[in-house]
Amino acid sequence: MADFAMDLPEGPRAILERLEAAGHAAYVVGGCVRDALLGLAPKDYDVCTAARPEEVKRAFADCRTLDTGLTHGTVTVLLAGTPFEVTTFRLDGDYADHRHPDAVAFVEEVERDLARRDFTVNAMAYSPRRGLRDPFGGRADLKAGCIRCVGEPERRFAEDALRILRALRFAATYAFRVEAGTARAARDLCASLRFVARERLTAEFSKLLCGRAAGEAVRAFPQVLREVVPAPLCAEGLDETPPLLPLRLAQALHRAPDPDAALAALRLPKADAKVARELLRHYDDPRPETPAQARALLREIGPERAMELARLRAWEAGELEAALRRGDAYSLKHLAVGGAELKRAGLAEGPALGRRLQALLDGVIDGNIENTAPALLAAARAMKEEET
Ligand code: ATP
Ligand code: MG
């Protein structure tokens, strides 16, 4: 296999060099190696090393370090303000509650650290001086587009059920398939997902849903996802929906009998849940085809939501955009007169004031009243006369 040289940025390069200079083997590991091999820009660089946490801190005595997870061997090193997680090579102990290793043991060899990792594509380490360490064929699986457990899938999923959902997440993100044995174990053991903390499930599920091949994961693993979301998910149109969480949620749940309950069960960030709920409420709204319809939708859900709805439903959004570009009035605050003017002109007061303003806005939105003070006052006068 052709050799691989990873183009490491200054920060991680300096960390590896510093640890090596102190006599400790050190690598970047996991997601960054996977992404670099895929030709993608890594999101962040995790470092693993033979150095024990005290040794890591000693090697970076001149830098700020945080004891992120000392018992798990993780020290965060701040290098020119950027945090890097440096974790000692370790094994995971026995697993009792399907999620947390009971104990960790530090080890000297990078291969043993790689063996505890979830998938072959995530179990590679790289260092400029030591090259690529890939004891489980991760590079070949990347090439083949395959998510495969390191070791025996049943055992790995029994140790930590979150891995079941992570398998689907990586498959959805990269449009990979899940290797047959890994897929079978995922289906067989998915009931144990209920032992996993909600926020971990929701974090992985959110990434899955925003993947380029989310539709295939939904189609191929409905029973697994049912353990995560208490609603049937819709695969149709998912991959064509912009990869923004609220939009994907709305698309996935638009045929569910009780989408609000499904959203509540996910315990999403409040803002995401709110947007998804609003989009679902308007999912079947007709596309605005006239200026008046565009203004009516803007009045109802506001410009931001309206444009999101347009993206979700792949509307040709010309009317909405034109209304916004023209600066059309669609809210009381856009009206050329307010309550004070109506009151001063003796045209309404008390609760009638609000009703009258809304009626004026109706007229402006429909295009029957011009949004100027004289036109609005005249219209208000006509309304008042009609009432008496
Ligand atoms: P991303 O780019 O989305 O962050 P990642 O591969 O970095 O993907 P993380 O969740 O950040 O994923 O985990 C970092 C690494 O730790 C993984 O690449 C994998 O090697 C290992 N890992 C993470 N979670 C698990 C787990 N539940 N079981 C075993 N190994 C895991
Ligand atoms: Mg990561």
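Because the structure is predicted, anything quoted here is derived from the model rather than measured. (Residues numbered from 1 in each chain as written. Chains lettered and ligands numbered in written order. Predicted model: local features only at pLDDT ≥ 70, side-chain atom pairs only at ≥ 80, totals over all residues. Heavy atoms only, no water.)

### Considering the overall build of the protein chain
Of regular secondary structure, the protein chain possesses 19 helices and 11 strands. For the protein chain, the C-alpha radius of gyration of 29 Å lies well beyond 21 Å, the compact-globule estimate for 388 residues. Dimensions along the principal axes, computed over C-alpha positions, put the protein chain at roughly 90 × 50 × 40 Å. With 388 residues in all, the protein chain has 50% of them scored as buried. Nonlocal contacts in the protein chain, meaning residues at least 24 apart in sequence, comprise 61% of its contacts between residues at least 6 apart. Looking at the protein chain as shown, the accessible area adds up to about 18,600 Å², and 50% of this sits on carbon and sulfur atoms. Considering the protein chain, the positive charge centre built from 56 side chains and the negative charge centre built from 59 side chains are found 1 Å apart. (Helix = DSSP H or I, 4+ residues; strand = E, 2+ residues; numbered from the N terminus. Rg over C-alpha atoms; globule rule 2.2 N^0.38 Å. Buried < 20%, exposed > 50% of the residue type's maximum accessible area, 1.4 Å probe, protein only. Contact = heavy atoms within 4.5 Å. Areas by Shrake-Rupley, 256 points an atom, 1.4 Å probe, with all protein chains shown as cover. Lys, Arg positive; Asp, Glu negative; His and termini not counted. Charge placed at Lys NZ, Arg CZ, Asp CG, Glu CD.)

### Some remarks on the domain arrangement of the protein chain
Here the domain parsing of the protein chain yields domain 1 (10–144), domain 2 (146–279), domain 3 (282–328) and domain 4 (333–388). A C-alpha centroid distance of 51 Å is found between domain 2 and domain 4. (Domains from an automatic or database assignment.)

### Section: the sheet that holds strand 2 (residues 46–49)
Ordered in space as 3-4-5-2-1-8-9, the 7 strands form an open sheet in which the pairing is mixed. Whereas interior strands pair on both sides, the edge strands pair on one side only; in this sheet they are strand 3 (64–69) and strand 9 (131–133). Taken over all neighbouring pairs, the strand axes of this sheet differ in orientation by 30° on average, direction set aside. For strand 8 (residues 125–127) and strand 9, the ladder comprises 3 bridges, and the chain directions are antiparallel. Across the sheet, the residue bridging to Ser127 is Gly131, located in strand 9. Packed onto the sheet, helix 1 (residues 10–21) meets strand 1 (26–29), strand 2, strand 4 (74–79), strand 5 (82–88) and strand 8 and runs at close to 150° relative to strand 1. (Pairing = 2+ DSSP bridges. Axes fitted to C-alpha atoms, helices over the stretch in contact; angles between N-to-C directions.)

### A look at unusual backbone geometry
Even without glycine at this site, Ala175 takes up a positive phi of about 55°. Among the secondary structure elements, Ala175 is positioned in the loop between helix 7 (162–174) and strand 11 (177–178). Not every positive phi belongs to a glycine, and Arg267 is a case in point at roughly 50°.

### Here we look at the site of ligand 1
Of all residues adjacent to ligand 1, which total 15 residues, the nearest are Arg34, Asp160, Arg163, Arg166 and Arg169. One nitrogen or oxygen atom from the main chain of Asp118 is found 3.2 Å from a nitrogen atom belonging to ligand 1. Asp160 places a polar side-chain atom, nitrogen or oxygen, 2.9 Å from a nitrogen atom of ligand 1. Where the shell around ligand 1 is concerned, the elements lending two or more residues are helix 2 (31–37) and helix 7. Sort the elements by how many residues they give to the shell around ligand 1 and helix 7 lands first, with 4 residues. Considering only residue class, the shell around ligand 1 consists of 1 nonpolar, 3 polar and 11 charged. (Near = heavy atom within 4 Å. Polar contact = N/O pair within 3.5 Å; in protein donor to acceptor, adjacent residues only side chain to side chain. Nonpolar A, V, L, I, M, F, W, Y, C, P; charged D, E, K, R; others polar.)

### Some thoughts on the packing of aromatic side chains
This structure, assessed with the given rule, holds 4 aromatic pairs. Centre to centre, the rings of Tyr174 and Phe176 are 5.6 Å apart; their planes meet at 45°, and the pair counts as tilted. Across the pair, exposure class does not vary: Tyr174 and Phe176 are buried alike. Against the face of Phe170 rests Arg169, its NZ or CZ located 4.1 Å from the ring centre. (Phe/Tyr/Trp six-rings, centres within 6.5 Å; stacked < 30°, edge-to-face > 60°. Lys NZ or Arg CZ within 6 Å of the ring centre and 35° of its normal.)

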